[in-house]
Amino acid sequence: MKRARIVYKGAVHCVVEHEGKIKLPDGQIVSEHEVEWLPPVTPKTIFALGLNYADHATELDFKAPSEPLVFLKGMNTLLGHRGQTKRPSDATFMHYECELVVVIGKKARHVKKDEAYEYIEGYTIANDYAIRDYLENYYRPNLRVKNRDTCTPIGPWVVDAADIENPMNLTLRTYVNGQLTQEGSTKDMVFDIPFLIEYLSSFMTLNAGDIILTGTPKGAVDTKVGDEVITEIEGIGRLVNAIVSDVGGE
Ligand SMILES: O=C(O)C/C(=C\C=C(/O)C(=O)O)C(=O)O
């Protein structure tokens, strides 16, 4: 089952996918172009991993971390499928990052690796844009890199965990204006999903609806106003995003 949140005729609905279209709670079927897509999740906490693919660390001239490099993101960053991301006017380098997102299904504290999958509701896709102008080293606060308004498009769907046979072997791809620019596999994560859930839940509580952005492989390159960026993950779908100027914006 694939689930999403949309606005249709001025009202918010939780919907499911039906033969490539959208099924509303009253059974009505509508096309994806008739709706406004919202982020499919409303987390209390958004966790994200930095440098969780060794080849991405290498392209930034960093070593892969020996312990998970976790940071938090604000709700201000979230945006739905087919949304418009405002390219910050102070950015020289705004890199896309295609990432598998784990959606937590129930309260998790002191979870062991071998039980971790029981705590996952499903998976979705994020594009974790990075304003690389402000990337200095591992230890700096990364607010200006990773917490810009609208810079985390996410969705379109949350796919039930039961429908993803092996989340640790999914192909990720990014297309900019139709050109394939990034390709990798979740099998190359430095810290895999069970490890991340054990690690995070060892020192804090994860709640239902919380999300973990699991990092991006190599191939993250610059984007500009006017680009269409599609991040795609095998078995989940394609997340479409447009980059617009923030000049004169709110
Ligand atoms: O911008 C960077 O690549 C470094 C970084 C985070 C990295 C990721 O999100 C990633 O590797 O997926 C940072 O915190 O600045």
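In this text the structure is predicted, and so the values were computed from the model without any measurement.

Time to look at the side chain of N127. Within the secondary structure layout, N127 lies in strand β12 (residues 120-127). When its relative accessible area of 0% is taken as the criterion, N127 is described as buried. Beyond its immediate stretch of four places on either side in the chain, N127 contacts Y96, E97, C151, T152, P153, V229, T231 and L239.

Attention now moves to the nonpolar core. Among the nonpolar cores identified, the biggest contains 31 residues, and I193, I197 and I212 are the most heavily contacted of them. For this core, the secondary structure elements donating two or more residues are β6 (46-50), β11 (98-104), β12 and α3 (193-201). Top element by residues in this core is α3. It accounts for five residues. With sequence-adjacent residues up to four places away left out, I197 is seen in contact with V102, I104, V111, A116, I120 and I212.

To continue, consider the sheet that holds strand β15 (residues 171-176). Spatial ordering of the open sheet is given by β9-β19-β18-β15-β16, a layout of five strands whose pairing is mixed. Of all strands in the sheet, those bounded by a partner on one side alone are β9 (83-87) and β16 (179-185). With direction set aside, neighbouring strand axes in the sheet form an average angle of 25°. Pairing geometry for strand β18 (residues 228-233) and strand β19 (residues 237-245), over six bridges, is antiparallel. Bridging across to β19, E232 finds its partner in R238.

Moving on, we come to α3. The buried fraction of α3 is high, at seven of nine residues. Considered for burial, the residues of α3 that qualify are I193, P194, L196, I197, Y199, L200 and S201. Contacts made by the buried residues of α3 are with β6, β7 (69-73), β11, β12 and β17 (211-213). Structurally, the start of α3 carries an N-cap: the backbone nitrogen of F195 is 3.0 Å from a side-chain oxygen of D192.

On domain assignment, one finds that the protein chain holds domain 1 (1-38) and domain 2 (41-246). Placing a centre on the C-alpha atoms of domain 1 and another on those of domain 2 gives a separation of 24 Å. Between domain 1 and domain 2, the contact holds 14 residues from the first and 13 residues from the second. Approximately 1100 Å² of surface area, both sides summed, lies buried where domain 1 meets domain 2, with 52% of it carried by carbon and sulfur atoms. It is K2, R3 and W37 that lose the most area in domain 1 upon contact with domain 2, and together they represent 50% of the buried surface on that side. When the shortest N-O distance is used, the salt bridge between R3 and D160 registers 3.1 Å. Where domain 1 touches domain 2, the interface holds seven residue pairs in polar contact (both at pLDDT 80 or more). Counting residues per element, the ones that place at least two in the side of domain 1 that touches domain 2 are β1 (2-8), β2 (11-18), β3 (21-23) and β5 (36-38). When its residues are assigned to classes, the side of domain 1 that touches domain 2 shows seven nonpolar, one polar and six charged.

The rules behind these values
Residues numbered from 1 in each chain as written. Predicted model: local features only at pLDDT ≥ 70, side-chain atom pairs only at ≥ 80, totals over all residues. Heavy atoms only, no water. Helix = DSSP H or I, 4+ residues; strand = E, 2+ residues; numbered from the N terminus. Buried < 20%, exposed > 50% of the residue type's maximum accessible area, 1.4 Å probe, protein only. Contact = heavy atoms within 4.5 Å. Core = buried A, V, L, I, M, F, W, Y, C linked by side-chain atoms within 4.5 Å. Pairing = 2+ DSSP bridges. Axes fitted to C-alpha atoms, helices over the stretch in contact; angles between N-to-C directions. Polar contact = N/O pair within 3.5 Å; in protein donor to acceptor, adjacent residues only side chain to side chain. Domains from an automatic or database assignment. Buried area = accessible area lost by both parts, 1.4 Å probe. Salt bridge = Lys/Arg side-chain N within 4 Å of Asp/Glu carboxyl O. Nonpolar A, V, L, I, M, F, W, Y, C, P; charged D, E, K, R; others polar.

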